[in-house]
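# Notes for the structure review
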Number of protein chains: 2
Amino acid sequence: MNGRARRGSRGDDGGSWIAPSSADQHRLVSRYRAGDRKIEAGRDLFSIGSSGGAIFNLLDGWVALYTLLEDGRRQIVQFALPGAVLGILPSKRAQATFGAQALTDVVVSVIPAAVLASFSRDEPEITMRLARSLARDCSMAYDRMTSIGRRSARERVAHLLLELFTRYRAQWPGTRIEEMALPLTQEQIGDATGLTFVHVNRVLSAMRKQGVVEFHYRRLRILDPDRLIEVAGVDPQMALSWLEGRSPG
Amino acid sequence: MNGRARRGSRGDDGGSWIAPSSADQHRLVSRYRAGDRKIEAGRDLFSIGSSGGAIFNLLDGWVALYTLLEDGRRQIVQFALPGAVLGILPSKRAQATFGAQALTDVVVSVIPAAVLASFSRDEPEITMRLARSLARDCSMAYDRMTSIGRRSARERVAHLLLELFTRYRAQWPGTRIEEMALPLTQEQIGDATGLTFVHVNRVLSAMRKQGVVEFHYRRLRILDPDRLIEVAGVDPQMALSWLEGRSPG
DNA sequence: CGCGGCCTTGAGCAACATCAACAATAGTGG
DNA sequence: CCACTATTGTTGATGTTGCTCAAGGCCGCG
């Protein structure tokens with residue numbers, strides 16, 4: 001039993017940390033940029049219980065997918081980065097069991113379900129890409145679940161930071177930065193790792209003191225990558241391949 | 001940090017509890033029953049690291065999808081029941097990050113990836129069904145993740161039992177049993193809920209004493225459904241719709 | 001009837017939650 | 001530029017949940 005307390009929030013907060021760059025590389029369907037929509041940080045792209053008439057292709061910004069328990073406990077189940085496809089439902093007229101909250105200002109291309117259906121008839125390729133995207137989401141969910149179920153607090157936090165860092169960096173291949181804007185609060189890290197924000201804070205403090213990572217007011221700096229990989233309990237082989245953006249061999 | 005201990009196992013154990021019945025209702029692709037394969041309880045359908053040339057359509061039996069950490073900690077990320085589609089990889093020549101272990105003797109129809117690709121060209125409908133199946137898997141994974149991340153041990157166990165019970169019963173619509181063969185050890189329940197088998201045992205004992213459920217040597221009996229729903233922390237509305245096999249209204 | 005896997009129970013402890021206060025920061029309006 | 005406020009981060013004291021270690025009982029099977 002944990003994470004019951006929720007601190008006051010109203011969901012404003014601005015964020016244009018993310019370099020806009022050419023968002024088109026992330027488009028699922030390249031024609032039509034009419035359906036593009038901007039959503040400001042803190043708002044929901046869609047909420048729990050909404051019946052999905054549309055699919056969102058995230059072009060720019062960060063989004064958190066989350067679930068809620070009746071008493072307010074919250075779990076962030078996924079962080080979506082540009083290129084992600086959101087809002088696919090198991091069946092037509094099913095209700096979403098999770099919501100999607102913009103962590104930064106966000107640009108999405110909105111694809112009505114009907115349009116998608118017709119696309120998939122014309123070009124089965126697109127449905128296949130969708131399936132692969134979903135398979136990836138599943139794999140990531142399994143990975144996260146393993147983290148939450150079987151790793152210590154320290155390992156979980158390290159693993160999350162490492163994951164987000166590598167996914168972020170994969171968008172700018174070839175760069176060698178070890179610092180980034182990570183638009184999360186410690187509470188959100190807690191919601192993603194199944195911890196309280198108080199404990200997240202302690203874990204982060206410890207890791208800072210030990211010179212592993214520094215996370216302060218939404219800036220993440222990796223001080224010692226190897227150490228981080230070790231703490232996260234990730235196979236170094238695999239971690240290396242993540243960092244270099246190739247498939248694990 | 002938990003669940004490090006793993007008890008000796010060799011994976012024998014028989015299980016033909018499941019009524020064989022007409023397994024054809026669970027077929028993704030109805031022609032060709034040539035590719036059918038039987039796998040005995042305890043064996044893996046595929047293992048971590050295997051590069052998937054094939055997809056499995058589970059026709060009969062129970063399967064556990066699991067991940068491993070280097071030091072042997074294990075997380076069961078999903079239980080697959082007849083009708084499930086297993087082994088879809090995020091990309092061709094990617095390696096599976098999770099394995100699939102038969103909990104009972106199992107019958108699967110094996111569909112080589114190449115065959116699936118050609119099917120999806122002929123009949124885009126199939127790819128779409130695949131996508132929906134994957135979307136459902138994602139939703140279930142998110143649900144489970146929330147359980148593990150945010151619920152107490154008691155709630156987690158109750159939630160899992162309730163889920164498995166309703167999913168099992170959905171296969172025989174209209175029946176009103178509240179007892180079933182559940183081919184799991186307490187250790188496997190622990191691996192699925194992120195607990196140790198010792199603690200699972202204590203939780204189950206408590207729930208038995210309180211007249212909620214009885215789980216003993218792989219037989220599950222629901223003593224007090226309403227109570228179980230309450231303990232699991234599930235919206236009664238939703239639970240009711242599960243039990244009746246209709247979509248939540 | 002002996003063995004291996006599984007379940008059960010107790011004692012002690014570590015990890016993490018909760019409660020509570022306070023400090024740092026960014027955003028807002030003057 | 002400063003004062004003001006909401007949010008977020010920090011730290012300590014204390015409590016609880018669930019883990020670890022350990023021993024023994026139960027059940028099915030050869």
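Residues numbered from 1 in each chain as written. Chains lettered and ligands numbered in written order. Predicted model: local features only at pLDDT ≥ 70, side-chain atom pairs only at ≥ 80, totals over all residues. Heavy atoms only, no water.

- Chain A appears in an unreviewed UniProt entry as Crp/Fnr family transcriptional regulator from Aquibium carbonis.

### Focus: the environment of T127 of chain A
- Inspection of the secondary structure puts T127 of chain A in helix 2 (residues 124-150).
- The sequence separation of T127 of chain A and L116 of chain A amounts to eleven residues, and the corresponding C-alpha distance is 8.6 Å. (Helix = DSSP H or I, 4+ residues; strand = E, 2+ residues; numbered from the N terminus.)

### Quick word on the relation of the copies chain A and chain B
- Between chain A and chain B, which share one sequence, the superposing operator has a rotation angle of 180 degrees and an axial displacement of 0.0 Å; the RMSD is 0.0 Å. Seen this way, the second copy is the image of the first under a two-fold rotation axis.
- When the interface residues of chain A are mapped onto chain B, 100% of them again fall at the interface, so both copies present the same face. (Least-squares fit on C-alpha atoms with pLDDT ≥ 70 in both. Contact = heavy atoms within 4.5 Å.)

### Overview of the side chain of T193 of chain B
All names here are of chain B.
- For T193, the location among the structural elements is in helix 4 (residues 186-193).
- A distance of 2.7 Å separates a polar side-chain atom of T193 from the backbone oxygen of I189.
- Discounting chain neighbours no more than four positions away, the residues touching T193 are Q75, I148, R156, V157, L160 and V200. (Polar contact = N/O pair within 3.5 Å; in protein donor to acceptor, adjacent residues only side chain to side chain.)

### Description of the pairing of strand 8 (residues 106-112) of chain B
All names here are of chain B.
- Strand direction decides the pairing type here: strand 1 (residues 36-39) and strand 8, joined by four bridges, are antiparallel. Each bridged residue has a counterpart across the sheet, and for K38 the counterpart in strand 8 is V107.
- By the bridge criterion, six bridges tie strand 3 (residues 54-60) to strand 8 in an arrangement that is antiparallel. Among the inter-strand pairings, N57 is bridged to a residue of strand 8, identified as S109. (Pairing = 2+ DSSP bridges.)

### As for helix 6 (residues 225-232) of chain B
All names here are of chain B.
- Within helix 6, the full set of buried residues consists of L228, I229, V231 and A232. The buried residues of helix 6 all sit within an arc of 165 degrees when viewed along its axis, so they share a single face. Opposite the buried face of helix 6, by more than 90 degrees, sit the exposed residues D226 and E230.
- Residues of helix 6 that are buried make contact with helix 3 (153-169), helix 5 (197-209), strand 10 (213-216), strand 11 (219-222) and helix 7 (236-243).
- Downstream of helix 6 by one or two residues, G233 has phi in the positive range, about 70 degrees. (Buried < 20%, exposed > 50% of the residue type's maximum accessible area, 1.4 Å probe, protein only. Arc of directions from axis to C-beta.)

### Description of the sheet that holds strand 3 of chain B
All names here are of chain B.
- Taking strand neighbours across the sheet as the criterion, the four strands line up as 1-8-3-6 in an open arrangement whose pairing is antiparallel. In this open sheet, the two strands that pair with only one neighbour each are strand 1 and strand 6 (85-86).
- The sheet contact formed by strand 3 and strand 6 spans two bridges and is antiparallel. Counterpart to F56 in the pairing with strand 6 is L86.
- The strands touched by helix 1 (residues 113-122) are strand 3 and strand 8; relative to strand 8, the strand with the most contacts, the crossing angle is about 70 degrees. (Axes fitted to C-alpha atoms, helices over the stretch in contact; angles between N-to-C directions.)

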